[in-house]
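Each chain is listed here by its residues.
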Amino acid sequence: MTDLLSGTAARAPGPDAHRAKRPAKSPLQRVLGGQGRQWLLLAPAVLMLLVFFAYPLADIVWRAFTDPEPGVGNFSDLLADPTTGRVMGRTLLTSLVVAVTTLLLAYPYAYLMTVTGPRMRAVLMALVLLPFWTSLMARNFAWIVLLQDGGPLGMLGSLFGRDGGLLGTAPGVAIGMVQVLLPYMVLPLYSVMSGIDRRLMSAASGLGAGRFTCFRRIYLPLSMPGVISGTTLVFVLALGFYVTPKLLGSPKESMVAQVIGTKVEKLLDFGGAGAFSVILLALTALLLVLVSRVSRAGAALGLSAKED
Amino acid sequence: MENHQFRGGIGLRLWAAMVGAVLVAPTLIVIPLSFTGKRSFTFPPEEWSLQWYRNFFSNPLWRDSLLTSLQIALAVAVLATVLGTLAAMALDRGRIPGKGLIQGLLMAPMVVPQIVAAIAVYAAFLNWGLSGTLVGFVVAHTALAVPFVVVAVSTSLRGYDRGLDRAAAMLGAGPFTTFRRVTAPLIAPGVLSGAVFAFVTSLDEVVIAFYLQSPTLHTLPVTMFSSVTVETDPTIAAASSIVLVATTALILLPQLLRRSKREGKS
């Protein structure tokens, strides 16, 4: 069809003839003309983000190195403070537990989405997307009620060796975070799994491989990009979680985001908060760059806008 | 391609049902909780009443924060949709120098930890006198919402068949007519879902709003946040239920509208 159309266009005289040689232009491009005017479309969004997002971020990074005095004092203070290590360790451990738990929950779920019929798939997708978009505060509040002492999940506390509820404990925080972050795991997994050619497994089983061998030698390796990007995404988001640990956890077991918040709220210590922010940002950026090297499945969430 | 060996077995289905329940069920308890007759968060409630809904709509603390939130979210939806749609269209075809960098900038608000963004915005907006103002909330939320619009509109544009443009042109339509009669209606569902996502992003955002609030101006999620941290007020259950039902309805709206068209949701 494209050939037919461009063939017809090539026959037309005048400007159309040379246009046919170049890649097709969108109508918008034709309305706007050259590249200079494309920039006009981008400028409002870019300006908005530069002024009200990128500049404030850059300023906080700047303050980390200059407030109250120039140098790396804020970072050496952080390193000298024994709580820093504990907070970082707790945050990394919680994020890891959350990432692994969501992976275990989500992998079979995403797999079922790829093999089931379209109606069931739509239901499963809706179950993932609705919480993705519904009120975070409502969900945190729900977890407060569920996890509190005497709440419906109170008996879960005994699993973790506690009599009372799980509210104010690390496992309670992790449970709440798992629910909030599950969609971020399911979507990249599903996006990668739906691209796997299942005839490969048929071929393997035809050649005598058992179901487990098929899974281990073929399906699992092919789904690894989804596993890696989903796990990294959840891990990164968990590192910066603020609301859930603050509401479900306790100040005694703060995570990084809470410490950053407290430094600003209670002490107006923008330099110290900035230094911790720089560490968090650097870790986030490093992980995201690593994962984008490994896989492009982040596109499932639009995190790396794909070139066509 | 239908191979029985690899279709979901009963174990897989049970697992998925459990995960589905984990995803959705916990949130739903706020609905029965909102009809409790007592001033407590006991679940299941022992008495029933509508008093918390009455309180939500009559108590100025709750009512005003709802109105503030709606005002901000509406402004954010309009602003982010315009900015994001224009940017997505420019990125779609334009050979723009530094395209990767611009895409990175446009997506950054999705991955920068919220607390870092919040204290950054707080510090800058204090200096600019934007802290505690409607304008401050709107611009901060718009920055967060733009990526969702860009993604939604880009998805629409990616599935867009450019042959249609050529066909329209051959049938004698000028560029503007082609855009108005062919392109715009086809990408409209993407633009609409972008607008809904922007609206919901703002309506739900709590961390930045927490830092930008003033004693007289705060959004609904911030009021909910303070209400859980400082007191046991079941009005938050009513507030949660209302927000839950309203956002669910809003999110389903574009899905229903675009059901006719095959569409990859992001």
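Keep in mind that what you see is a predicted model, and the values were worked out from it rather than measured.

Can you help me understand the overall build of chain A in this one?
Scanning chain A from N- to C-terminus turns up 15 helices and zero strands. The buried share among the 308 residues of chain A stands at 50%.

Sorry, what's going on with the overall build of chain B here?
Scanning chain B from terminus to terminus reveals twelve helices and zero strands. Taken from N to C terminus, the helices and strands of chain B fall in the order α-α-α-α-α-α-α-α-α-α-α-α. In terms of its C-alpha atoms, chain B occupies a principal-axis envelope of roughly 70 × 60 × 30 Å. Counting all 266 residues of chain B, 57% fall into the buried class. Considering only contacts in chain B between residues 6 or more positions apart, those separated by 24 or more positions represent 71%. Here chain B contributes 19 positively and 12 negatively charged side chains, and the mean placements of these two sets differ by 13 Å.

Hey, could you run me through helix 10 (residues 170-193) of chain A in this one?
Every α-helix carries 3.6 residues per turn, so stepping three or four residues along brings you back to the same face. All names here are of chain A. Helix length check: helix 10 (24 residues) gives 32 Å between terminal C-alpha atoms against 34 Å at 1.5 Å per residue, within 8%. At Leu181, helix 10 shows its maximal kink, close to 45°; a proline, Pro183, follows between one and four residues later. Here helix 10 lies mainly inside the structure; 19 of its 24 residues are buried. Between the side-chain oxygen of the N-cap and the backbone nitrogen of Gly172 there are 3.1 Å, and the N-cap of helix 10 in question is Thr169.

Help me understand the interface of chain B and chain A in this model?
Accessible area lost upon the coming together of the parts is a frequently used measure of interface size. Contacts between chain B and chain A engage 102 residues on the former and 98 residues on the latter. For the pair chain B and chain A, the summed buried area comes to about 9,300 Å², and 77% of that belongs to carbon and sulfur atoms. Summed over the shared surface of chain B and chain A, the number is zero salt bridges. Split by residue class, the side of chain B that touches chain A holds 73 nonpolar, 18 polar and eleven charged.

Can you help me understand the environment of Pro152 of chain A in this one?
Following the sequence through the fold, Pro152 of chain A ends up in the loop between helix 8 (136-147) and helix 9 (156-159). What makes Pro152 of chain A partly exposed here is its relative accessible area of 29%. With near-sequence residues (within four places) excluded, Pro152 of chain A lies in contact with Val145 and Leu146 of chain A together with Phe43 of chain B.

Which parts of the structure should I look at to understand the packing of aromatic side chains?
Each aromatic ring pair is summarised here by two numbers: the centre-to-centre distance and the angle between the ring planes. Taken as a whole and assessed by the stated rule, the structure comprises 20 aromatic pairs over all chains. Ring plane angle 5° and centroid distance 4.2 Å describe the contact between Trp133 of chain A and Phe197 of chain B, whose orientation is recorded as stacked. In this pair, Trp133 of chain A sits in helix 7 (residues 118-133) while Phe197 of chain B sits in helix 9 (residues 175-204), so the two residues belong to two different chains. Ring centres of Phe215 of chain A and Tyr219 of chain A lie 6.3 Å apart, and the angle between their planes is 20°; this geometry places the pair in the stacked category. Taken together, the positions of Phe215 of chain A and Tyr219 of chain A, both in helix 12 (residues 211-239) and four residues apart, correspond to about one turn of that helix. A network of ring pairs unites the aromatic residues Phe132, Trp133 and Tyr184 of chain A together with Phe148 and Phe197 of chain B as a single cluster. In this arrangement the basic side chain of Arg63 of chain A is found over the ring face of Phe270 of chain A, its NZ or CZ atom lying 4.8 Å from the centre.

Can you walk me through the pattern of salt bridges in this structure?
Should their charged atoms come close, side chains of opposite charge can pair. Tallied over the entire structure, the rule returns six salt bridges over all chains. Asp67 of chain A serves as the salt-bridge partner of Arg63 of chain A, at 3.7 Å between the closest nitrogen and oxygen. A residue is classified by how much of its surface remains accessible, and Arg63 of chain A, at 16% relative accessible area, is buried. With a shortest N-O distance of 2.8 Å, Glu46 of chain B and Lys38 of chain B are connected by a salt bridge. By relative accessible area, which is 35% here, Lys38 of chain B ends up partly exposed.

Just to check I follow, could you spell out the confidence of the model for chain A for this structure?
Keep in mind that low pLDDT regions are not for reading the predicted coordinates in detail. All names here are of chain A. The share of residues in chain A with pLDDT of 70 or more is 81%, and the mean pLDDT across the chain is 82. Mean pLDDT across the secondary structure elements of chain A bottoms out at helix 1 (residues 2-11), with 33, and peaks at helix 6 (residues 82-115), with 94. A low-confidence stretch, residues 1-21 (pLDDT under 50), is modelled with nine contacts involving residues beyond four sequence positions or located in other chains. Counting contacts from residues 297-308, a segment whose pLDDT is below 50, to residues more than four positions away or on other chains yields 33 contacts.

Quick question: what am I supposed to make of the side chain of Gln148 of chain A here?
Of note, Gln148 of chain A is situated in the loop between helix 8 and helix 9. Within the structure, the side chain of Gln148 of chain A is placed 3.4 Å from the backbone oxygen of Val145 of chain A, a separation counted as a polar contact. Looking at Gln148 of chain A, its side chain comes within polar contact range of the main-chain oxygen of Phe41 of chain B, at 3.0 Å.

Hey, could you run me through the packing of helix 6 (residues 114-128) of chain B against helix 7 (residues 134-158) of chain B in this one?
Residues and elements named next belong to chain B. Between helix 6 and helix 7, the least distance of the axes is 12 Å, while the angle of their chain directions is 145°. In this structure, helix 6 meets helix 7 at a crossing whose hand is right-handed. Packed against helix 6, whose contacting residues are Gln114, Val121 and Phe125, the element helix 7 presents Gly136, Val139, Ala140 and Leu144 at the interface. By residue class, the composition of the contact of helix 6 with helix 7 is five nonpolar, two polar and no charged.

Explain helix 4 (residues 60-93) of chain B to me, please; I cannot follow it from the model alone.
In this model helix 4 of chain B runs 49 Å from its N-terminal to its C-terminal C-alpha over 34 residues, within 8% of the 50 Å that 1.5 Å per residue would give. Where helix 4 of chain B begins, the capping side chain belongs to Asn59 of chain B, and its oxygen is found 2.9 Å from the backbone nitrogen of Leu61 of chain B.

How should I be thinking about empty space enclosed by the protein in this particular structure?
Gaps left between atoms are located by rolling a probe of water-molecule size over the structure's atoms. Using the criterion set out here, one finds four cavities of 30 Å³ or more in the structure. Its boundaries defined by the atoms lining it, the largest cavity holds a volume of some 850 Å³. Leu136 and Tyr184 of chain A together with Met110, Gln114 and Phe148 of chain B are the residues nearest the centre of the largest cavity, which is lined by 33 residues in total. Contributing elements (two or more residues each) for the lining of the largest cavity: helix 7, helix 8, helix 10 and helix 12 of chain A together with helix 5 (99-111), helix 7 and helix 9 of chain B. Partitioned by chemical class, the residues of the lining of the largest cavity number 25 nonpolar, five polar and three charged.

Sorry if this is basic, but what is going on with a nonpolar patch on the surface here?
Together, Leu47, Leu50, Val51 and Tyr55 of chain A together with Trp128 of chain B make up an exposed nonpolar region whose accessible area comes to about 460 Å². Here the nonpolar patch takes four residues from helix 4 (residues 35-66) of chain A, the largest share from any one element. Positionally, Leu50 of chain A belongs in helix 4.

Just checking my understanding: could you explain unusual backbone geometry for this structure?
Trans peptide bonds make up the majority, and among non-glycine residues the majority have a negative phi. All names here are of chain A. Here the bond from Asp67 into Pro68 is cis, since omega is 5°, no more than 30 degrees from zero. Tracing the backbone through its elements, the reader meets Pro68 in the loop between helix 4 and helix 5 (73-80). Non-glycine residue Leu268 carries a positive phi angle of around 50°. Along the chain, the position of Leu268 falls in the loop between helix 14 (256-267) and helix 15 (270-294). Given the relative accessible area of 53%, Leu268 is considered exposed.

Reading the values: rules and limits
- Residues numbered from 1 in each chain as written.
- Chains lettered and ligands numbered in written order.
- Predicted model: local features only at pLDDT ≥ 70, side-chain atom pairs only at ≥ 80, totals over all residues.
- Heavy atoms only, no water.
- Helix = DSSP H or I, 4+ residues; strand = E, 2+ residues; numbered from the N terminus.
- Buried < 20%, exposed > 50% of the residue type's maximum accessible area, 1.4 Å probe, protein only.
- Contact = heavy atoms within 4.5 Å.
- Lys, Arg positive; Asp, Glu negative; His and termini not counted.
- Charge placed at Lys NZ, Arg CZ, Asp CG, Glu CD.
- Expected span 1.5 Å × (residues − 1).
- Bend = angle between axes of the 7 residues up to and from the residue.
- Polar contact = N/O pair within 3.5 Å; in protein donor to acceptor, adjacent residues only side chain to side chain.
- Buried area = accessible area lost by both parts, 1.4 Å probe.
- Salt bridge = Lys/Arg side-chain N within 4 Å of Asp/Glu carboxyl O.
- Nonpolar A, V, L, I, M, F, W, Y, C, P; charged D, E, K, R; others polar.
- Phe/Tyr/Trp six-rings, centres within 6.5 Å; stacked < 30°, edge-to-face > 60°.
- Lys NZ or Arg CZ within 6 Å of the ring centre and 35° of its normal.
- pLDDT = per-residue confidence, 0-100.
- Axes fitted to C-alpha atoms, helices over the stretch in contact; angles between N-to-C directions.
- Left-handed = near helix turned anticlockwise from the far one by under 90°.
- 1 Å grid on protein atoms, 1.4 Å probe; cavity = no way out; pocket = protein on both sides within 12 Å on 5 of 7 lines; lining within 4 Å.
- Points joined across faces, edges and corners; volume = space filled by probe spheres on them.
- Patch = residues over 30% accessible without salt bridge, like charges linked within 9 Å, V, L, I, M, F, W, Y side chains within 5 Å.
- Areas by Shrake-Rupley, 256 points an atom, 1.4 Å probe, with all protein chains shown as cover.

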